[in-house]
Amino acid sequence: MREIEALWEEARELSLGNSGGVERLDSPPTPLQFLRDFVSPNKPCVISNATRHWPALSSWSHDSYLTRALSSAHVSLHLTPNGRADAAVPINSDDPSTLCFASAHALRMPFPEALNLIVNPHSTNFVAYAQQQNDCFRSEYSALAQDCDAHIPWATDALGCLPEAVNLWVGNHLSETSFHKDHYENLYAVVSGEKHFLLLPPTDVHRMYIRNYPAARYSYSQDTGKFTLESEKPMRCVPWCSVDPYPSPEAKHSAMSRFPLYFNGPKPFECTVKAGEILYLKPNGHSLGVFLLGISRGTIVLWLVCV
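Residues numbered from 1 in each chain as written. Predicted model: local features only at pLDDT ≥ 70, side-chain atom pairs only at ≥ 80, totals over all residues. Heavy atoms only, no water.

The chain is annotated in an unreviewed UniProt entry as JmjC domain-containing protein of Carya illinoinensis. Among the UniProt annotations of the chain, the heading Sequence similarities (unreviewed entry) holds the following wording: "Belongs to the JARID1 histone demethylase family." (UniProt positions renumbered as here; feature names shortened; annotations may be inferred.)

Right, here's the structure in full:
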């Protein structure tokens, strides 16, 4: 066991250095520094004062500004019963051990209506999260483009490409993204609120208990106010992490016995990204990137993706 623990620590030092956590920079790096110290060695970092010059930092914190700017925009909104979409959840409440990969109920509506549902979660029996991908900022939210830079210059120079996609996510304190890994360069720019991340190095893949789960989707009925899980047809399976790092008190004992490598192993690295800061995450080779889990706290995040 000591040998395994020594290997874990060595892998963590390779992923994050000797700092014992995600390195934070007080100001944006030069392209050379960013490439040398973080991109090439596959190390995440948080850059403070990275977007303080964006008008979005002051204007997007006011709901009235957003509703005026996007008064005629229709956006995609995702609904779940608990804020956890794209996650392994019980397909049958009577048998919590039978899991599926559940996607959110998605619908389109005027942005002012969507924002009202997001910021007033206690007035509904669901959690609303604007988490559309596919370059949604440059399509659904294009009216806000003048409020921030089209790209991050020092990152563009270091990576040698412009963002492949720019996505805007708007959530509340109940919005959560389950453990997953991405296959591309990520720059998470928090514009309002904050987002808390749990990070694990790619060598911890065995601790994630990745299984193939049948794909399903939440369906929300406005008439009954209830969700149902509908399996996709034809059936397909999605490889996904089984671990919920924050099990409920009644499920904690079961989770610890089912996933001992996670709960008895080294703790994830944690970092909170606040307004004006950027988190950089790079995938490692062979499509095996850092595993991350994100929890929003009244957050607006601009997510720049470079392939």
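Draft legend 1. Main features of the overall build of the chain. Per the secondary structure count, the chain includes eight helices and 17 strands. For the chain, the residues scored as buried account for 52% of the 307 residues in total. Of the roughly 14600 Å² of accessible surface on the chain, 52% is carried by carbon and sulfur atoms. (Helix = DSSP H or I, 4+ residues; strand = E, 2+ residues; numbered from the N terminus. Buried < 20%, exposed > 50% of the residue type's maximum accessible area, 1.4 Å probe, protein only. Areas by Shrake-Rupley, 256 points an atom, 1.4 Å probe, with all protein chains shown as cover.)

Draft legend 2. Broad picture of the confidence of the model for the chain. Mean pLDDT for the chain: 87, with 86% of residues reaching 70 or above. Segment residues 285-289: pLDDT under 50, and 11 contacts once partners within four positions in sequence are set aside and those in other chains are kept. (pLDDT = per-residue confidence, 0-100. Contact = heavy atoms within 4.5 Å.)

Draft legend 3. Molecular detail of the side chain of H180. Relative to the elements of secondary structure, H180 occurs in strand β10 (residues 176-181). Within polar-contact distance, the side chain of H180 engages the backbone oxygen of S178 at 2.8 Å. (Polar contact = N/O pair within 3.5 Å; in protein donor to acceptor, adjacent residues only side chain to side chain.)

Draft legend 4. Focus on the pattern of salt bridges. A complete count under the given rule lists eight salt bridges for this structure. The residue E277 makes a salt bridge to R24 at a minimum N-O spacing of 2.7 Å. Remark: R24 occurs in strand β1 (residues 23-25) and E277 occurs in the loop between β15 (269-274) and β16 (278-281); sequence separation between them is 253 residues. Of the residues examined, R24 reaches a relative accessible area of 40% and is grouped as partly exposed. The closest approach of N and O atoms between R84 and E176, which form a salt bridge, is 3.3 Å. Here the residue R84 occupies a position in strand β4 (residues 84-85), and E176 occupies one in strand β10, the gap between them amounting to 92 residues. (Salt bridge = Lys/Arg side-chain N within 4 Å of Asp/Glu carboxyl O.)

Draft legend 5. Expanded view of the nonpolar core. Ranked by size, the top nonpolar core spans 56 residues in total, and within it W60 and Y141 carry the most contacts. A per-element tally of this core places helix α5 (residues 111-119) first, with five residues. Discounting chain neighbours no more than four positions away, the residues touching Y141 are L70, V75, F111, A130, C136 and L168. Listed in part, the 17 residues of the second largest apolar core include V22, A165, V190 and V305. (Core = buried A, V, L, I, M, F, W, Y, C linked by side-chain atoms within 4.5 Å.)

Draft legend 6. Focus on the pairing of strand β11 (residues 185-200). Among the 16 residues in β11, 14 count as buried, and that is most of the element. Here β11 runs beside β16; their pairing, made up of four bridges, is antiparallel. Bridge pairing in β16 links Y188 to L279. As paired elements, β11 and β15 share six bridges and run antiparallel to each other. (Pairing = 2+ DSSP bridges.)

Draft legend 7. Up close: the packing of aromatic side chains. Overall, the coordinates contain 13 aromatic pairs when judged by the stated rule. For the pair W169 and Y188, a centre-to-centre distance of 6.4 Å together with 50 degrees between the ring planes defines the contact as tilted. Of this pair, W169 sits in strand β9 (residues 165-170) while Y188 sits in strand β11, and the two are 19 residues apart along the sequence. The residues W169 and Y188 share a single accessibility class, namely buried. Following the ring pairs from residue to residue traces out a cluster consisting of F126, Y218, Y220 and F227. (Phe/Tyr/Trp six-rings, centres within 6.5 Å; stacked < 30°, edge-to-face > 60°.)

Draft legend 8. Spotlight on unusual backbone geometry. The omega torsion of the bond from K233 to P234 falls at 0 degrees, within 30 degrees of zero and hence cis. One can find P234 in the loop between β13 (226-231) and β14 (237-240). A positive phi angle is found at N134, which is not glycine, with a value near 60 degrees. Looking at the element boundaries, N134 is found in the loop between β8 (127-129) and α6 (153-159). For N134, a relative accessible area of 67% corresponds to the exposed category. Here D135, not a glycine, exhibits a phi torsion of approximately 65 degrees, which is positive.

Draft legend 9. Spotlight on α5. Among the residues of α5, those classed as buried are F111, A114, L115, L117 and I118. When α5 is viewed along its axis, its buried side chains cluster within an angular range of 160 degrees and face the same direction. Contact partners of the buried residues in α5: α4 (63-69), β3 (74-80), β7 (105-110), β8 and β9. (Arc of directions from axis to C-beta.)

Draft legend 10. Spotlight on the sheet that holds β8. Pairing is antiparallel across the open sheet formed by three strands, whose spatial order is β7-β3-β8. Edge positions in the open sheet fall to β7 and β8, since each of these has one partner strand only. Across the sheet, the mean angle separating the axes of adjacent strands is 35 degrees when strand polarity is ignored. Taken together, the six bridges between β3 and β7 define a ladder with antiparallel strand orientation. (Axes fitted to C-alpha atoms, helices over the stretch in contact; angles between N-to-C directions.)

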